[in-house]
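What the coordinates show
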Amino acid sequence: MDPENPVVRLCAQGMANDDGELFLRAWEVASDDYERCVAAHYVARTRTTAGERLRWNLRCLELADAVGDARVAGFYPSLHAALGQGYEEAGDGVRARAHFERAAGHAGVLSEDAYGNWLRIAVAGGLRRTGAGVVRPEAVAGPLGELVASLGERGESRALALLLPAQLGDLGGEGDAVRLGTAVRMVLAADWLGGEREWAAAREVVAALGG
């Protein structure tokens, strides 16, 4: 987003100062669908009721679809995740699941950073809660779960810091499988495993993922 855009600038100021009124001001001064989409996203975050958050997020989605270009491509994972949560809070599991699935479908645009990991984990959690969770084959899920449990028992935080985001944020896509395999290989390369049981589990995961 262009930091010199007046709407973006108002939203940035609102975030910095925890001032929801600046988001409403951004909505008032927005001059096109893109600017209104940006403003609606931030207004939704400050609404105090689930119904109001849902209404503003739905408006934001309408505007993003109306813009329909690269400027809004990165909005969709968080937007659909927010809508999934909103419908889940409203007791509509069917719509919630649909939006979590759409969020997962857009996850390819997420960056490999703390925010990207956080959002993948949020979407994966929503999928599990609404009955559409990713189920890896037992050849992966079994040894991976055993490895994580053993590392947790030993308090091996370095290895867990690599493995848990990939495990908890697994959305079932090819990129997620690569992320899992890469994390396990990094733990193997770092020699953070504490015995043959962990080494065997890690090798099984890598082999099952095609490594």
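Structural notes, computed from the coordinates. (Residues numbered from 1 in each chain as written. Predicted model: local features only at pLDDT ≥ 70, side-chain atom pairs only at ≥ 80, totals over all residues. Heavy atoms only, no water.)

**Observations concerning the overall build of the chain**
Across its full length, the chain holds eleven helices and zero strands. Listing every helix and strand of the chain by position from the N terminus yields α-α-α-α-α-α-α-α-α-α-α. The C-alpha extent of the chain, read off along each of the three principal axes, is 65 × 35 × 30 Å. Out of the 211 residues in the chain, the part that is buried amounts to 40%. Total accessible area computed for the chain in this model is approximately 10,600 Å², and 53% of it derives from carbon and sulfur atoms. One way to put it: in the chain the 22 positive side-chain charges average out to a point 2 Å from where the 30 negative ones average out. (Helix = DSSP H or I, 4+ residues; strand = E, 2+ residues; numbered from the N terminus. Buried < 20%, exposed > 50% of the residue type's maximum accessible area, 1.4 Å probe, protein only. Areas by Shrake-Rupley, 256 points an atom, 1.4 Å probe, with all protein chains shown as cover. Lys, Arg positive; Asp, Glu negative; His and termini not counted. Charge placed at Lys NZ, Arg CZ, Asp CG, Glu CD.)

**Points about the pattern of salt bridges**
Any two side chains of opposite charge can pair if their charged atoms end up close together. All chains considered together, the criterion is met by 16 salt bridges. A salt bridge links R59 to E62; its shortest N-O distance comes to 3.2 Å. On the criterion of helical spacing, the pair formed by R59 and E62 is a turn pair, its members being three residues apart in helix α4 (residues 50–67). R203 is paired through a salt bridge with E196; the nearest N and O atoms lie 2.6 Å apart. When salt bridges that share partners are traced, they join E112, R120, D176 and R179 into one network. (Salt bridge = Lys/Arg side-chain N within 4 Å of Asp/Glu carboxyl O.)

**Things to note about the packing of aromatic side chains**
Evaluation of the coordinates by the stated rule reveals four aromatic pairs. Ring plane angle 35° and centroid distance 5.8 Å describe the contact between Y115 and W118, whose orientation is recorded as tilted. Placement of both Y115 and W118 in helix α7 (residues 114–129) is noted, with a separation of three residues, approximately one turn of the helix. Among the residues examined, Y115 registers a relative accessible area of 42% and is labelled partly exposed. (Phe/Tyr/Trp six-rings, centres within 6.5 Å; stacked < 30°, edge-to-face > 60°.)

**Regarding unusual backbone geometry**
Positive phi is not limited to glycine here, since D18 has a value of about 50°. Topologically, D18 is positioned in the loop between α1 (6–17) and α2 (20–29).

**Notes on the nonpolar core**
Core analysis: the largest hydrophobic core is formed by 40 residues, its most contacted members being V7, C11, C37, V38, V72 and V123. Counting only elements with at least two residues in this core, the list comes to α1, α2, α3 (33–46), α4, α5 (76–89), α6 (93–105) and α7. In terms of residues, this core owes the most to one element, α3, which gives eight residues. With sequence-adjacent residues up to four places away left out, V38 is seen in contact with M1, V7, V8, C11 and F75. (Core = buried A, V, L, I, M, F, W, Y, C linked by side-chain atoms within 4.5 Å. Contact = heavy atoms within 4.5 Å.)

**Re the packing of α2 against α3**
For any two helices packed against each other, the geometry comes down to the angle between their axes and how far apart the axes lie. Packing of α2 against α3 leaves a shortest axis separation of 8 Å and a crossing angle of 155°. The angle between the axes of α2 and α3 places the two elements in the roughly antiparallel class. Along this stretch, α2 crosses α3, giving a crossing that reads as left-handed. Along the contact surface, α2 presents G20, F23, L24, A26, W27 and V29, while α3 presents E35, R36, A39, A40, Y42, V43 and T46. For the contact of α2 with α3, the per-class residue count stands at nine nonpolar, two polar and two charged. (Axes fitted to C-alpha atoms, helices over the stretch in contact; angles between N-to-C directions. Parallel < 35°, antiparallel > 145°, perpendicular 65-115°, else oblique. Left-handed = near helix turned anticlockwise from the far one by under 90°. Nonpolar A, V, L, I, M, F, W, Y, C, P; charged D, E, K, R; others polar.)

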